[in-house]
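Structural overview for review
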Amino acid sequence: MSGYGQFCPVAKAMELLDERWTLLVVRELLLGSRHFNDLRRGVPKMSPALLSKRLKSLARAGVIERTEIDGRTTYSLTPCGQELAEVVDALGKWGVRWIGELGDEDLDPHLLMWDIRRSIPIEAWPRTRTTLAFHLDGVAPKASRWWLVVADGEADICDFDPGHEVAATVKTSLRTLTRIWRGDVSWSHALLDGSVAISGPADVRRAVPKWIGQGALAAVPRPA
């Protein structure tokens, strides 16, 4: 790990935190990921070798701890790591307010669907197993079909047909769904202008925007 050669606490902190992907790994841990494969789903473009290296660096710095539970490795933030929640939240809000442009390289259906899966308001869903299908335009065919299944208070996301009855189907582009999730555009606006179409019974169509909701930073005010 290279250093800045400065006594400034910001410089000392950044010697650890500004290594590529490091804060995004911390973000994933703050969002509840505890196992290696879950962390990989949150940073799908990060190589397994680099993820392993970053986890070791964070453990050496006392930011995370690694434990074995029933033969499975679990990662968790220490009190030191938990203090980074305010840092990550502040960076996220700043990014929403001032770094608004999305390039094609920023769009990732795997990351988007994973984030939706772990952040949806499950309490708003029916108590019986409910499945939503997503048809996304603007992506490779193998990444254009997704199924979100909520059952027994748990959500799961599949990139293959799980075989359950589908309550409704959401058809839109990857860019539009990403913008809705980020809060750049509302569900009502996207439905009104036709960039999103929901097929299914009327009561379910009305409920789907509430079932999916928007990301945690969607409510951050944008500059005028």
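To be clear, the structure that these remarks concern was listed above.
Residues numbered from 1 in each chain as written. Predicted model: local features only at pLDDT ≥ 70, side-chain atom pairs only at ≥ 80, totals over all residues. Heavy atoms only, no water.

1. A word on the pattern of salt bridges
Cut-off, in case you're wondering: Note on definitions: salt bridges are taken to be side-chain nitrogens of Lys or Arg within 4 Å of carboxyl oxygens of Asp or Glu. Exposed residues in this analysis have more than 50% of their type's maximum accessible area, buried residues have under 20%, and partly exposed residues fall in between, with area computed by a 1.4 Å probe over protein chains only.
Scanning the model with the defined rule gives 9 salt bridges in all. With its nearest N and O atoms 2.7 Å apart, the salt bridge here joins Arg182 to Asp184. Among the residues examined, Arg182 registers a relative accessible area of 23% and is labelled partly exposed. Residue class for Asp184 comes out partly exposed when judged on its relative accessible area of 26%. Linked by salt bridges that have partners in common, Arg27, Glu28, Asp115 and Arg118 make up one network.

2. Digging into the packing of aromatic side chains
As a reminder of what qualifies: Centres within 6.5 Å are what make two rings of Phe, Tyr or Trp a pair, Trp counting through its six-membered ring; a difference in plane orientation under 30 degrees is then read as stacked, over 60 as edge-to-face, and the rest as tilted. Secondary structure elements are taken from DSSP: a helix is a run of H or I of four residues or more, a strand is a run of E of two residues or more, and numbering for both begins at the N terminus.
If you walk through the whole model with that rule in mind, you get 1 aromatic pair. Pairing Trp125 with Trp211 gives two aromatic rings, centres 5.0 Å apart and planes at 25°, and the pair type is stacked. In this pair, Trp125 is assigned in the loop between α7 (109-119) and β3 (130-137) and Trp211 in helix α10 (residues 202-212), connecting sequence segments 86 residues apart. Using a relative accessible area of 3% as the deciding quantity, one classes Trp125 as buried. With a relative accessible area of 8%, Trp211 lands in the buried category.

3. Topic: the sheet that holds strand β4 (residues 145-151)
Put simply, the test is: Two strands pair if DSSP finds at least two bridges between them. With axes taken as lines fitted to C-alpha atoms, and helix axes fitted only over the stretch in contact, angles between N-to-C directions fall between 0 and 180 degrees.
In space, the 5 strands of this open sheet follow the order β5-β4-β3-β6-β7, with mixed pairing throughout. Since the sheet does not close on itself, it has two edges, and those belong to β5 (154-158) and β7 (196-199), each with one partner. Strand-to-strand twist across the sheet, computed as the mean angle between neighbouring axes with direction ignored, equals 20°. With 6 bridges joining them, β3 and β4 adopt antiparallel strand pairing.

4. Describing the packing of α7 against helix α8 (residues 174-182)
Filter applied, for reference: Crossings are classed by handedness, with left-handed meaning an anticlockwise turn of the near helix from the far one by less than a right angle and right-handed meaning a clockwise turn. Residue contacts follow a heavy-atom distance rule, with two residues in contact if any of their heavy atoms lie within 4.5 Å. Amino acids outside the nonpolar list (Ala, Val, Leu, Ile, Met, Phe, Trp, Tyr, Cys, Pro) and the charged list (Asp, Glu, Lys, Arg) are all regarded as polar, and Gly is one of them.
Two elements in contact, α7 and α8, have axes whose closest approach is 11 Å; the angle formed by their N-to-C orientations is 40°. Pair α7 / α8 crosses with left-handed handedness. In contact with Pro109, Leu112, Met113, Asp115, Ile116 and Ser119 of α7, α8 contributes Leu174, Leu177, Thr178 and Trp181. Across the contact of α7 with α8, the residue classes break down as 7 nonpolar, 2 polar and 1 charged.

5. Quick word on a nonpolar patch on the surface
Quick note on the threshold: What goes into a patch is any residue over 30% in relative accessible area without a salt bridge, connected to like charges within 9 Å or, for nonpolar side chains (Val, Leu, Ile, Met, Phe, Trp, Tyr), within 5 Å. Each accessible area value is a Shrake-Rupley result obtained with a 1.4 Å probe; residue values ignore everything except the protein chains displayed when judging cover.
There is a patch of nonpolar side chains on the surface, built from Tyr4, Val10 and Met14 and spanning about 290 Å² of accessible area. In this structure, Tyr4 sits in the segment before α1 (9-17).

6. Quick word on unusual backbone geometry
With phi around 80°, Trp21 is a residue other than glycine that occupies positive phi space. Position of Trp21 among the secondary structure elements: in the loop between α1 and α2 (22-30). Taking relative accessible area as the criterion, Trp21 reaches 17% and is therefore assigned buried. Even without a glycine there, the phi angle at Asp70 is positive, about 55°. Considering the arrangement of structural elements, one finds Asp70 in the loop between β1 (64-69) and β2 (72-77).

7. Overview of the nonpolar core
Definition in use: What is meant by a nonpolar core is a set of buried Ala, Val, Leu, Ile, Met, Phe, Trp, Tyr and Cys residues, joined one to another through side-chain atoms within 4.5 Å.
Within the largest apolar cluster, 31 residues are counted, with the highest numbers of intra-cluster contacts made by Ile116, Leu132, Phe134, Leu177, Val208 and Ile212. With 5 residues, the top contributor of residues to this core is α10. Counting residues in each nonpolar core, the second largest holds 19 residues, with Leu16, Leu39, Leu51 and Leu58 among its members.

8. Some points on the side chain of Thr169
Structurally, the position occupied by Thr169 is in strand β6 (residues 168-173). What Thr169 contacts, discounting residues up to four positions off in sequence, is Ala133, His135, Ala197, Ile198 and Ser199.

9. Looking at α1
Turning to α1, its buried residues are Ala11, Glu15, Leu16 and Leu17. Considering only its buried residues, α1 is in contact with α2 and α4 (48-60).

The values reported here are purely geometric and, on their own, carry no functional implication.
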